Amino acid sequence: MAEKIKITFLGTSDSIPSAKRNHPAFLITYLGENILVDCGEATQRQFRKAGLNPGKLTRILITHWHADHILGIPGLLKTLALSGYNKTLHIYGPRGTRFLMKELLKLFTFKEAFPIEINEVSGRFFENKDFYLEAETMSHGTPCNAYSFVKKGQIKIDKHELKKHGIMEGPHLKGLKSGRPITYNEKKYLPKNLTFTEKERKISFVLDTSLNEKIARFVKNSDVFVCESSYMDELRDLAKRHYHLTAKQAAQVAKNAKVGKLFMVHISQRYEKSLEKILNEAKKIFKNSVIPEDFHVVEV
């Protein structure tokens, strides 16, 4: 069975938190990786409320340096230091992140108790045998990145079929993943009879941007598409002035990009008591749209 990718919505509000919604923060958990996308104010408390251990963090992806997306970083780093965190914490962001991160640490007189590696990224910036991370620049009046986590499609050995044919596991199976047949107990077995293909899985985050042609290309075929949906379409001129998206625009991108599901976040406080209206606007274009609450969990 394929290992699930878990996405925890730690904060889903816009620039002003509410009693129910905290500043933006989203956690991707896969195997030994815990990757935080943005770290709004009080994100470390959201970890605690969700029953998650921030000490397991491996990477932080910063979309941009507006306060609602980064003010949780100093407190989180302090907690990690006091908790004996001893891994290298990898922090990625758009252009200017190295300078701004150093200034942030200086402002809060943070003494580096563990290694922090800071990188300004675009394109594919991390890859291992299981997954890769990629970034694309967005339009928000300040350097800004969208991010995708892509679990690679892989050929897997079907253990049920091995058992059915009485084949023991071991190095003799190695050729199957390369598409070569194997011989076991003088009998030949074809890869198609002992393997299955685990399809690629993709999770994309577009947080704070005006509408641009790069979005649909970047998030194409995402299983999970987390997208800011700040305004209803009647305020599209306001959205454009503030470099944000409307719910209708986010839904149209989701439809054009053929994503699996659209998760609408960063919704203006003016819709706090009328979320159904903004959701319905999106659903008219892209039926598989939802507005997640804080602590909502999705597995793909």
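The structure presented is a predicted model; accordingly, all values stated were derived computationally and were not measured. (Residues numbered from 1 in each chain as written. Predicted model: local features only at pLDDT ≥ 70, side-chain atom pairs only at ≥ 80, totals over all residues. Heavy atoms only, no water.)

A. Main features of the overall build of the protein chain. Counting its secondary structure elements, the protein chain contains 11 helices and 18 strands. Scaling as 2.2 N^0.38, a compact globule of 300 residues should have a C-alpha radius of gyration of about 19 Å, and the protein chain matches this with 21 Å. Once the C-alpha set of the protein chain is aligned to its principal axes, its extents read approximately 70 × 50 × 30 Å. Counting over 300 residues, the protein chain shows a buried share of 52%. In the protein chain, once contacts between residues fewer than 6 apart in sequence are set aside, the share between residues at least 24 apart is 65%. Of the roughly 15000 Å² of accessible surface on the protein chain, 50% is carried by carbon and sulfur atoms. In the protein chain, which carries 49 positive and 33 negative side-chain charges, the distance between the mean positions of the two groups comes to 4 Å. (Helix = DSSP H or I, 4+ residues; strand = E, 2+ residues; numbered from the N terminus. Rg over C-alpha atoms; globule rule 2.2 N^0.38 Å. Buried < 20%, exposed > 50% of the residue type's maximum accessible area, 1.4 Å probe, protein only. Contact = heavy atoms within 4.5 Å. Areas by Shrake-Rupley, 256 points an atom, 1.4 Å probe, with all protein chains shown as cover. Lys, Arg positive; Asp, Glu negative; His and termini not counted. Charge placed at Lys NZ, Arg CZ, Asp CG, Glu CD.)

B. Layout of the sheet that holds strand E16 (residues 261-265). Strand order in the open sheet formed by 7 strands is E7-E8-E9-E14-E15-E16-E17, and the pairing between neighbours is mixed. With partners counted over all chains shown, the strands left at the sheet margins are strand E7 (123-127) and strand E17 (289-290), one partner each. In this structure, strand E8 (residues 131-137) lies alongside strand E9 (residues 145-151), joined through 7 bridges in antiparallel fashion. Bridging from a neighbouring strand, Thr-137 pairs with Asn-145 of E9. The strands touched by helix H10 (residues 247-256) are strand E15 (224-228) and E16; relative to E15, the strand with the most contacts, the crossing angle is about 155°. (Pairing = 2+ DSSP bridges. Axes fitted to C-alpha atoms, helices over the stretch in contact; angles between N-to-C directions.)

C. Broad picture of the sheet that holds strand E18 (residues 297-299). Ordered by their spatial adjacency, 7 strands build an open sheet running E6-E5-E4-E3-E2-E1-E18, and the pairing between neighbours is mixed. Each of the sheet's edge strands pairs with one partner strand only, and the pair in question is strand E6 (116-120) and E18. Across the sheet, the mean angle separating the axes of adjacent strands is 20° when strand polarity is ignored. With 3 bridges joining them, strand E3 (residues 33-37) and strand E4 (residues 59-61) adopt parallel strand pairing. Bridging across to E4, Val-37 finds its partner in Leu-61. On top of the sheet, helix H4 (residues 97-107) reaches strand E5 (89-93) and E6; it is set at about 145° to E6, its chief contact.

D. Representation of the pattern of salt bridges. One pass over the structure, following the stated rule, counts 13 salt bridges. Two residues, Lys-152 and Glu-127, come together in a salt bridge whose shortest N-O distance is 2.9 Å. A residue pair is termed long-range when its members are at least 10 positions apart, and Lys-152 in the loop between E9 and strand E10 (154-157) and Glu-127 in strand E7 qualify at 25 residues. Of the residues examined, Glu-127 reaches a relative accessible area of 42% and is grouped as partly exposed. (Salt bridge = Lys/Arg side-chain N within 4 Å of Asp/Glu carboxyl O.)

E. View of helix H3 (residues 73-82). Burial in H3 covers these residues: Ile-73, Pro-74, Leu-76, Leu-77, Thr-79 and Leu-80. Positive phi appears at Gly-84, one or two residues downstream of H3, with a value of about 80°.

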